[in-house]
Amino acid sequence: MIRLRNRQMNHEPVPGVPPLQQDDYKLKDTSPQLGERLATTYDLVEQTYHLYVRVVKAKDLPVGSDPYVEVKLGNYRGRTRHFEKRPNPEWNQVFAFSKDRVQSSTLEVYVKDKETFGRDDYIGKVVFDLNEIPTRVPPDSPLAAQWYRLTDRRGQGEIMVAVWMGTQADEAFPEAWHSDASSAHGEGVFNVRSKVYVSPKLWYLRVNVIEAQDVISNDRSRVPDVSVKAQVGNQTLRTKISSVRTMNPLWNEDFVFVAAEPFEEHLVLTVEDRVHPSRDEVLGTLSLPLTMFEKRLDHRPVHSRWFNLEKYGLGETRFSSRLHIRVCLEGGYHVLDESTLYISDQRPTAKQLWKQPCGVLEVGILGAEGLLPMKMHDGRGSTDAYCVAKYGQKWVRTRTFLDTLNPKWNEQYTWEVYDPCTVITLGVFDNCHLGAEKSDTGRDSRIGKVRIRISTLEAHRIYTHSYPLLVLHPSGVKKMGELQLAVRFTTLSLANMVYIYAHPLLPKMHYLNPLTVNQVETLRYQAMNIVAARLGRAEPPLRKEVVEYMLDVDSHMWSMRRSKANFFRIMSLLSSLFSVSRWFNNVREWKNPITTVLVHILFLILLWYPELILPTICLYMFLIGLWNYRFRARHPPHMDPKLSWAEAVHPDELDEEFDTFPTSRPPDVVRMRYDRIRSIAGRIQTVVGDLATQGERIGSLLSWRDPRATSLFVVFCLCLAVVLYVTPVRVVALGGGLYMLRHPKFRSKLPSVPSNFFKRLPAQTDSLL
């Protein structure tokens, strides 16, 4: 047992567990041919050329025809929708053919009748020579469409067409029909296009139920036991039953809900009477639109109001009870919809409170390699992959490449960065909504995910790496392929960056009037459901399973594997203390005489001049920071199966992790106990993880993982060393002691500058699966 545990702590292979190919899980440098000749907004992707054909409209077609247009280039054919009995149809549709796959010297544009579909008959056509087609490079204006006389066959009518050669920087690229997705038909055509989505604007709705007046029970012979149920959409909270039986009950309880703008739900308040331990009777209801409530930007008081309750089921207006409430929309909070470990946005809801951006993040999604087949099609495996990136309120989705294991998206996107201590998340998915013949599960399958913390990126440097896509399955960790990215973070102001590192991580309302831990987790779950529902209504929809995976919906669930990973993270930190102990023992044992003599000299100097202890420590940390600069990370951190304890996980532990919650394992008593243990263990897991995070942040002070934070810290150490050298130690001790013991009136409720700086330091949570 001891030998097995030592092997686990040292991450050595365990008998009976197949070893992993660790080289496959490492970050790889790539050398893509980035498009330097493209517009400056598209210099992080490889330059790809496309032949664009814009079919605008036609006129003077034969009466009674149902016209549509077919664009033919070699073996590729794209067609517009048809119009019934319209001689002057308008399509305004764009077709894009990849230049790399062009195997013809001519482009043919046919105008056909729907009755001739599937036959080689047509109304007329126009033929273009590819050698004569012009090239357009943005920001040039779009190419003007021209009228062309239809030739051959009946040769009646004209068609307006524009044809040009362009790159993926063209404005027509996102909305175009692509030859790479020529097999998509019907609704599947809309599901292969690239799109940009914006998360709905989320607010916290604070409801303070104060009291009620003239509450009369349906049974006039008894005084009611009254409680109030508050509901917004599918969120429901309830007050306690009034402690005193009276017709004027008092509660003064606070509720917090999540609401999305534009506000579609109402605040519904229901006054209920507990007539039986298992039954409540409704005494009155109140439905209020959220648009009528005040939007608060700080913690100033909000006026309360009285509202008349509607008598349940009777509609009486002659007499009614009243409810006293205080309601406001909180604009000073940031509504969390993602895990706090991988947060991508920390701005408050109210736009008036936003600061200026501190930088710009540009990501070129180049492509993927070696993807595994995700579904069976025509007796063989296939994958229809697309990539989703989420940062702040902006979501992007690349176009879907059909039936390929090596898609090349070459799409570039830009985000404004308001805080460098944030994380961008990119996920790769298999599109399962391209037609009935390909939809096996009805859900887009997850292929893998990559997270990049912005603060770990050096400014103005282009990172080109291939990231392994790792997913944990019931059978263990599996590499699903590699995602190739080009990333660049550009800072706008060094002074603003220093300012950000000294200020709180979240808006000040989170510290002046904080929410409880349970509230934060519950509200995050509600916010995630709202975001998923709103994005699912877009066209094409960003589906719920995609949003949940990107927002880490199951990050709070119990897992023996995660608990082990967090435990060994703490053990790794404690091993540093053991190393210091071993070093000191070696000094005592004179293993290295030179080191021992130097320690004796240092000990005598500090003993003789105790005022040099603090400045010497600061100077020593400054020198360590400079020395570690040589060994700083050259690339962003990535998913680490070893750190995540996924390389030697026991099958039973995986079965427990993939079990439903509540558990589906019989019998009922075991299920109850099992759920209770998992709930408690989940909290312990979070605490252990937080302890490990704090220790790793200390270690990152001098590791240059966040180059800006380490630069600030080592400069601070140098300045502090100089000040302590020239200032008497008694003056420093007196000032520090008086500052620590100062009266509460002179203290701010906001966190201190050192605390803000420390909370912004990166930890190894970014590398956890």
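Starting afresh in each chain, residues are numbered from 1 along the sequence in its written order. In keeping with the model being predicted, local features are shown solely for residues with a pLDDT of at least 70 and side-chain atom pairs are shown and tallied solely at 80 or more, while totals for entire chains, interfaces and linings include all residues. Derived side-chain values reflect all non-hydrogen atoms in the structure, with water molecules and hydrogen atoms excluded from consideration.

Quick note on the threshold: UniProt positions are given in the numbering used here, feature names are shortened, and annotations may be inferred rather than shown by experiment.
In the nomenclature of an unreviewed UniProt entry, the protein chain corresponds to C2 domain-containing protein from the organism Lactuca virosa. UniProt lists a comment for the protein chain under the heading Sequence similarities (unreviewed entry), and it reads "Belongs to the MCTP family." In the Subcellular location (unreviewed entry) part of its UniProt record, the protein chain is described as follows: "Membrane".

1. Topic: the sheet that holds strand β30 (residues 476-491)
Applied cut-off: Any two strands are treated as partners once DSSP identifies two or more bridges connecting them. Only DSSP runs of H or I with at least four residues qualify as helices, and only runs of E with at least two residues qualify as strands; both kinds are numbered from the N terminus onward.
Strand order in the open sheet formed by five strands is β1-β29-β30-β21-β26, and the pairing between neighbours is antiparallel. Bordering the open sheet on either side are β1 (28-29) and β26 (408-417), each of which pairs with just one other strand. Pairing of β1 with strand β29 (residues 462-473), which is carried by two bridges, proceeds in the antiparallel orientation. By the bridge assignment, D29 is partnered in β29 with H465.

2. A few points about the confidence of the model for the protein chain
Convention followed: Per-residue confidence from the predictor is given as pLDDT, running between 0 and 100. Here a residue-residue contact requires only that any non-hydrogen atoms of the pair lie within 4.5 Å.
Across the protein chain, the average pLDDT comes to 84, with 91% of residues at or above 70. Every residue in residues 1-20 scores below 50 in pLDDT, and together they form 18 contacts with partners more than four places removed in sequence or on other chains. Low pLDDT (under 50) marks residues 436-440, which in the prediction has eight contacts with non-local residues, meaning those over four places away or in another chain.

3. Quick notes on the packing of aromatic side chains
To describe a pair of aromatic rings, you give the distance between the ring centres and the angle between the ring planes. Condition: Whether two aromatic rings pair depends on their centres lying within 6.5 Å, for rings of Phe, Tyr and Trp, where Trp uses its six-membered ring; planes under 30 degrees apart make the pair stacked, over 60 edge-to-face, and the rest tilted. Working definition: with a 1.4 Å probe on protein chains only, accessible area under 20% of the residue-type maximum means buried, over 50% means exposed, and in between means partly exposed.
Under the defined criterion, the tally for this structure stands at 14 aromatic pairs. Measuring from centroid to centroid gives 5.6 Å for F97 and W177, while their planes differ by 65°, and the two rings are edge-to-face. With F97 in strand β5 (residues 90-98) and W177 in strand β10 (residues 177-178), the pair connects residues that are 80 residues apart, well separated along the chain. Residue class for F97 comes out buried when judged on its relative accessible area of 1%. Residue W177 is classed as buried on the basis of its relative accessible area of 8%. Ring geometry for Y501 against F757: centres 6.0 Å apart, planes inclined by 50°, an arrangement best described as tilted. Of the two residues, Y501 sits in helix α2 (residues 494-501) while F757 sits in helix α13 (residues 753-759), which places them 256 residues apart along the sequence. For the pair Y501 and F757, a shared accessibility class is recorded, and that class is buried. In this structure an aromatic cluster arises from ring pairing among F95, F97 and W177.

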